[in-house]
Amino acid sequence: RICLRMLSCIPGKKLRNLMGIGEQPTPSHPGSMFDDPSERPAQDPSSMPALASYIHLERVVPLVVKQSWALTLPNFSVQSRASGHIISIQDVSVTPPEQEKPPQPTIERIGYTQEALRVMDSKGAETLEILRRHFSCIPDYLHSSGGLKVKIHCTFRFDSEPFNRAWVSDSPVPSSEGEDELPALYAVTITLSSSAQFGKIPSCHVPFLLGEPPASGVDIVPVDNCHQEESSYRASVMIELEPREPSPGLIDVEIAANTENCQVICGSLKPITVGIEDMFLKASVPPDTPKDGTAEYYQDLFHALWEACNSSSNTGRETFPLSGGKGLVAISGTRSVKLLEVTPKVLIGALEKYLAPFVVSVAGRSLITILRGNGLIENVVWEESDSDAAVGADALVPYSMENNLQLQHIDDDEIGIGAQRFAHLSKRDMGVMRVLIFLPPRYHLLFSMEVGYASTLVRIRTDHWPCLAYVDEYLEALLQ
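In what follows, the accompanying structure is described. (Residues numbered from 1 in each chain as written. Predicted model: local features only at pLDDT ≥ 70, side-chain atom pairs only at ≥ 80, totals over all residues. Heavy atoms only, no water.)

### Some words on the overall build of the chain
Rules: To qualify as a helix, a DSSP run of H or I must reach at least 4 residues; to qualify as a strand, a run of E must reach at least 2; elements of each kind are numbered from the N terminus. Burial here depends on accessible area, computed with a 1.4 Å probe over protein chains only, as a share of the maximum for the residue type. Under 20% is buried, over 50% is exposed, and the range in between is partly exposed. We call two residues in contact when some of their heavy atoms are within 4.5 Å. Working definition of accessibility: Shrake-Rupley area with a 1.4 Å probe, residue cover restricted to the visible protein chains.
The secondary structure content of the chain amounts to nine helices and 18 strands. Of all 480 residues assigned to the chain, the portion counted as buried reaches 45%. Contacts in the chain between residues far apart in sequence, at least 24 positions, make up 71% of those at least 6 positions apart. Per element, the accessible surface of the chain, about 26200 Å² overall, is 51% carbon and sulfur.

### A short note on the pattern of salt bridges
This is how it is decided: Salt bridges are counted wherever a side-chain nitrogen of Lys or Arg sits within 4 Å of a carboxyl oxygen of Asp or Glu.
Taken as a whole and assessed by the stated rule, the structure comprises 15 salt bridges. Among the ionic pairs, arginine 165 bridges to glutamate 161, the shortest N-O distance being 3.6 Å. Linking arginine 165 with glutamate 161, this pair stays in helix α4 (residues 160-167), spanning four residues, or about one helical turn. The exposure class assigned to arginine 165 is exposed, which follows from its relative accessible area of 57%. Taking the relative accessible area as the measure of exposure, glutamate 161 reaches 32% and is therefore partly exposed. Beyond isolated ion pairs, a larger network of salt bridges with shared partners links Glu58, Arg157, Asp159, Glu212 and Arg234.

### Considering the packing of helix α3 (residues 122-135) against helix α5 (residues 294-308)
Basically, it comes down to this: Note on geometry: axes are lines fitted to C-alpha atoms, helical ones only across the stretch in contact, with angles between N-to-C directions running from 0 to 180 degrees. If an angle is under 35 degrees, it is roughly parallel; if it is over 145, roughly antiparallel; if it lies from 65 to 115, roughly perpendicular; otherwise it is oblique. We call Asp, Glu, Lys and Arg charged. Ala, Val, Leu, Ile, Met, Phe, Trp, Tyr, Cys and Pro are nonpolar, and the rest, Gly among them, are polar.
Running from amino to carboxyl end, α3 crosses α5 at an angle of 110 degrees, the nearest separation of the two axes being 9 Å. Our classification of the angle between α3 and α5 gives roughly perpendicular. When α3 is examined against α5, the residues Thr127, Ile130, Leu131, Arg133 and His134 are found in contact with a partner set consisting of Tyr297, Asp300, Leu301, Ala304, Leu305 and Ala308. Here the contact of α3 with α5 is composed, by residue class, of seven nonpolar, two polar and two charged.

### Details of the environment of serine 336
Position of serine 336 relative to the elements: it lies in strand β11 (residues 334-340). The class of serine 336 is partly exposed, set by a relative accessible area of 32%. A sequence separation of 111 residues divides serine 336 from phenylalanine 447, and the C-alpha atoms of the two residues are 9.8 Å apart.

### What to know about the sheet that holds strand β5 (residues 204-210)
Our working rule: At least two bridges found by DSSP between two strands are what make those strands a pair.
The antiparallel open sheet is built from four strands, whose spatial order is β5-β4-β7-β8. For this open sheet the edge positions go to β5 and β8 (264-274), each flanked by a neighbour on one side alone. Geometrically, the sheet is characterised by an average inter-axis angle of 25 degrees between neighbouring strands, direction not taken into account.

### Things to note about the sheet that holds strand β6 (residues 235-241)
Within the open sheet, the three strands sit side by side as β1-β3-β6. Their pairing is antiparallel. The sheet is open, and its two edges are formed by β1 (55-59) and β6, each paired on a single side. Adjacent strand axes in the sheet meet at a mean angle of 30 degrees, parallel and antiparallel pairs treated alike. Bridge count between β1 and strand β3 (residues 150-158): five bridges; the pairing is antiparallel. If you follow histidine 56 over to β3, its bridge partner there is arginine 157.

### Comments concerning α5
In plain terms, the rule: Expected helix span is computed as 1.5 Å times (number of residues minus one).
With 15 residues, α5 extends 21 Å between its outermost C-alpha atoms, agreeing within 8% with the 21 Å of an ideal straight helix rising 1.5 Å per residue. For α5, the full list of buried residues reads Ala295, Tyr297, Tyr298, Gln299, Leu301, Phe302, Ala304, Leu305, Trp306 and Ala308. Check the buried side of α5 and you find it contacts α3, β12 (359-363), β13 (381-383), β16 (431-439), β17 (443-451) and β18 (456-462).

### Observations concerning the nonpolar core
The test is simple: We define a nonpolar core as any set of buried Ala, Val, Leu, Ile, Met, Phe, Trp, Tyr and Cys residues linked to one another through side-chain atoms lying within 4.5 Å.
Counting 78 residues, the largest nonpolar core has Leu57, Phe156, Ile190, Leu355 and Phe447 as its most contacted members. Broken down by element, the residue count for this core peaks at six residues, all from helix α9 (residues 468-478). Sequence-distant contacts of isoleucine 190, defined by excluding residues within four places in its chain, comprise Leu57, Phe156, Ser203, Cys204, Val206, Val237, Val253, Glu254 and Ile255. One finds Leu128, Phe135, Val329 and Val360 within the second-largest nonpolar core, a separate group that totals 23 residues.

And the structure:
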């Protein structure tokens with residue numbers, strides 16, 4: 001501990017003064033780091049303020065949805081299943097066999113009946129091949145320890161003034177000028193736990209941290225302070241989760257640290273909220289995919305998953321091996337719709353801010369012109385050739401050039417394209433944006449957004465139906 005404190009003080013007056021003594025340091029030197037902590041009066045824990053009032057672990061990027069609830073499903077003993085069993089979306093309980101044969105994994109069809117040989121066309125075979133390549137890149141989270149991880153960036157800090165009142169009552173209030181008078185924490189251990197299915201969360205460590213000086217009263221704080229600057233008063237902390245289900249939850253935080261007076265601080269901090277957007281990841285790309293073919297691969301994967309998540313799809317009875325060859329999964333999809341009554345300018349701004357990495361393709365000349373002009377969405381497939389014919393093909397009221405539709409004309413609605421202003425080109429829908437989101441450990445969330453001049457219809461498909469409980473609220477918060 002003495003060596004740690006000496007190294008953490010370089011450069012500083014304390015180390016220079018200590019080395020200038022010229023004799024073996026003893027507890028007789030007042031104010032030195034060798035003072036006997038037993039001589040200090042003990043603090044009454046009941047009279048001290050809670051640690052969470054002056055020690056903070058905070059997210060760097062705030063959540064779009066301030067999640068206050070989570071859908072919890074009963075556990076049907078998934079881990080007790082034998083190797084090679086199919087884990088379907090319903091997680092149906094299966095009685096494991098009495099004896100497992102390791103050489104040849106047993107495959108059991110959950111809820112499936114014996115069926116006759118099926119004939120599949122070339123399109124269905126191509127869809128299955130795309131899905132097999134995709135799932136072969138997903139780690140087998142039940143039979144291996146290297147599952148996909150979700151990372152949450154946080155900052156750790158503490159306030160000097162209340163900290164001194166609680167732990168260093170005989171010291172003067174530190175000023176913002178001299179860092180030598182600021183309190184410090186040493187060897188901080190942050191222990192994380194959760195009742196949600198986030199797996200085992202590794203603890204985080206902060207070797208040394210100075211307390212934040214009290215505000216002078218004239219400090220200018222920016223309104224949008226989402227990405228806070230690194231400083232000697234803040235420590236960067238990375239929380240790593242290995243979710244078993246893509247659902248929100250709370251992470252309980254416990255800390256243990258040492259003070260300059262060799263006191264040990266232990267207690268709880270405010271929990272960290274995990275939202276559904278924390279689970280949004282990009283799908284893995286097979287290693288044999290060329291770099292210039294990544295956009296086409298994501299587009300093909302979107303259409304394959306879109307077809308597989310259809311209730312009438314033939315892929316519902318197919319199984320796909322995960323990476324490692326032991327685990328098999330089946331797709332059981334569901335779908336929903338959401339109407340967003342916002343202008344294209346608001347929708348495009350929110351999409352570019354939060355969902356730009358997950359856009360795989362854009363159709364519609366006017367929509368492509370806007371997104372290309374903004375320059376925030378790149379490496380996607382721009383469907384310009386067939387866009388006009390396909391924009392309203394899957395709409396609730398299909399558009400036809402032969403029928404006259406009574407559409408409301410909006411006079412003053414203009415959309416910014418970089419430095420230009422782009423007004424109405426026609427009364428049709430502007431285009432379609434397709435979004436592919438991977439939800440660890442093996443699920444997917446698909447959006448097909450039919451962008452109109454007055455509203456946007458979002459068609460949703462997923463192979464994990466519980467996530468629909470959060471998608472509706474997320475889309476609404478996205479546009480606020």
